[in-house]
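Breakdown of the fold
Next come the chains, spelled out residue by residue.
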Amino acid sequence: SLVDSLGRVGIKAGDSIVNSTLSINAAGDATYDVYVKSNKMSGMYINNTNSLYNDTSYGLRVFNTANHRKVTDAYGIHSQIKNPTTITTGYMYGVFGQATTGMQNYGVFGYTPISNNTDAAGAAICGSTSMTRPIIDGVYAGYFVGDVHINGSLYRTGGCYSPTPA
């Protein structure tokens, strides 16, 4: 471990100059406060064994407050998975969620607190088959650009869904 004169900490960073506030297994990058490099099967493991009674428990909670007018994109968590070579077997998940032991379980849950009375627009979950960002003209629970396949039933409680005959 190494602590430099600026208070930056390097763990297993070798003799490199530490660039991040905390760097693990690498010198880091000055644009990140925490930089972790791993060649293990899983880069980070967080085990939250909250034995106290609380309404909400978080294994990982991320807050990103973009306090600069020039910020065009802000991510709470940006996940990217890629392999340097094309694989022909297996699966790759950018985000995987699993919930199994509650009364109501959501593998992935999205929420956007935008009121329909504002000029803002958005969707709790947005999916697209291209990197072109959709221009959303309202507030939706889900907004998709591209074909949507449903293997099962699609239910509605209101609105204007009318299936087109095949």
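Here, the structure is the one placed above.
Being a predicted model, the structure only gives us computed values, none of them experimental. (Residues numbered from 1 in each chain as written. Predicted model: local features only at pLDDT ≥ 70, side-chain atom pairs only at ≥ 80, totals over all residues. Heavy atoms only, no water.)

1. Things to note about the overall build of the protein
This is how the line gets drawn: Helical segments are the DSSP runs of H or I of at least four residues, strand segments are the runs of E of at least two, and each set is numbered from the N terminus. Summary of the burial criterion: residues with accessible area below 20% of their type's maximum are buried, those above 50% are exposed, and those between are partly exposed, where the area comes from a 1.4 Å probe applied to protein chains only. Here, residues are in contact when the closest pair of their heavy atoms is within 4.5 Å. In these tables, accessible area is a Shrake-Rupley quantity obtained with a 1.4 Å probe, and a residue counts as shielded only by the protein chains included in the view.
Along its length, the protein carries zero helices and six strands. Reading the protein from its N terminus to its C terminus gives the helix and strand order β-β-β-β-β-β. Taken across its 166 residues, the protein has 7% of its residues classed as buried. Put simply, 4% of the contacts in the protein that link residues at least 6 apart link residues at least 24 apart. Roughly 15200 Å² of accessible area belongs to the protein as shown, and the carbon and sulfur atoms make up 52% of that amount.

2. Overview of the packing of aromatic side chains
Any pair of aromatic rings gets described here by the distance separating the centres and the angle formed by the planes. To be explicit about the condition: Stacked, edge-to-face and tilted are the three classes for Phe, Tyr and Trp ring pairs, Trp counted by its six-membered ring, which pair at centre distances within 6.5 Å; planes under 30 degrees apart are stacked, over 60 edge-to-face, the rest tilted.
Under the counting rule described, the total for this entry stands at three aromatic pairs. Each ring, one from tyrosine 32 and one from tyrosine 35, has its centre 6.3 Å from the other, and the planes form 50 degrees; the classification is tilted. Judged by its relative accessible area of 45%, tyrosine 32 is partly exposed.

3. A closer look at a nonpolar patch on the surface
The test is simple: Think of a patch as exposed residues, more than 30% relative accessible area, with no salt bridge, where like charges cluster within 9 Å and nonpolar side chains (Val, Leu, Ile, Met, Phe, Trp, Tyr) cluster within 5 Å. Salt bridges are counted wherever a side-chain nitrogen of Lys or Arg sits within 4 Å of a carboxyl oxygen of Asp or Glu.
Judged by side-chain polarity, Ile125, Phe144, Val148, Ile150 and Leu154 come together as a nonpolar surface patch covering roughly 470 Å² of accessible area. Positionally, valine 148 belongs in the segment after strand E6 (139-145). Given a relative accessible area of 53%, valine 148 falls into the exposed group.

4. Observations concerning the pattern of salt bridges
A pair can form between side chains of opposite charge whenever their charged atoms are brought close. In this structure the tally under the stated criterion is one salt bridge. A salt bridge links aspartate 4 to arginine 8; the shortest N-O distance between them is 2.6 Å. Its relative accessible area of 22% is what places arginine 8 among the partly exposed residues.

5. Considering the sheet that holds strand E3 (residues 22-24)
To be explicit about the condition: We treat two strands as partners when DSSP finds at least two bridges between them.
Strand order in the open sheet formed by four strands is E1-E2-E3-E4, with mixed pairing between adjacent strands. Whereas interior strands pair on both sides, the edge strands pair on one side only; in this sheet they are strand E1 (2-3) and strand E4 (34-36).

6. Points about unusual backbone geometry
Look at lysine 12: it is not a glycine, yet its phi comes out positive at around 55 degrees. Inspection of the secondary structure puts lysine 12 in the loop between strand E2 (9-11) and E3. Notably, asparagine 25 is not glycine yet its phi reads approximately 65 degrees, a positive angle. By secondary structure assignment, the location of asparagine 25 is in the loop between E3 and E4.

7. Quick notes on the environment of glutamine 98
In this structure, glutamine 98 sits in the loop between E4 and strand E5 (122-128). A C-alpha to C-alpha distance of 7.3 Å links glutamine 98 and valine 108, two positions 10 residues apart in sequence.

8. Considerations on the environment of tyrosine 140
To keep it simple, the criterion reads: We define a polar contact as two N or O atoms separated by no more than 3.5 Å, with the added condition that, inside protein, one atom must be a possible hydrogen donor and the other a possible acceptor, whereas residues neighbouring each other in sequence contribute only through side-chain atom pairs.
By the secondary structure assignment, tyrosine 140 is in strand E6. Look at tyrosine 140 and you get partly exposed, because its relative accessible area is 33%. A polar atom in the side chain of tyrosine 140 sits 3.0 Å from the side chain of aspartate 137.

9. A look at the environment of threonine 21
If you trace the backbone, threonine 21 turns up in the loop between E2 and E3. Setting aside residues up to four positions removed in sequence, threonine 21 forms contacts with Gly7, Arg8, Val9, Tyr32 and Asp33.

10. Overview of the side chain of serine 23
Secondary-structure assignment places serine 23 in strand E3. Residue serine 23 is classed as buried on the basis of its relative accessible area of 0%. Discounting residues that sit within four places of it in the chain, serine 23 has contacts with Val9, Gly10, Ile11, Val18, Gly28 and Tyr35.

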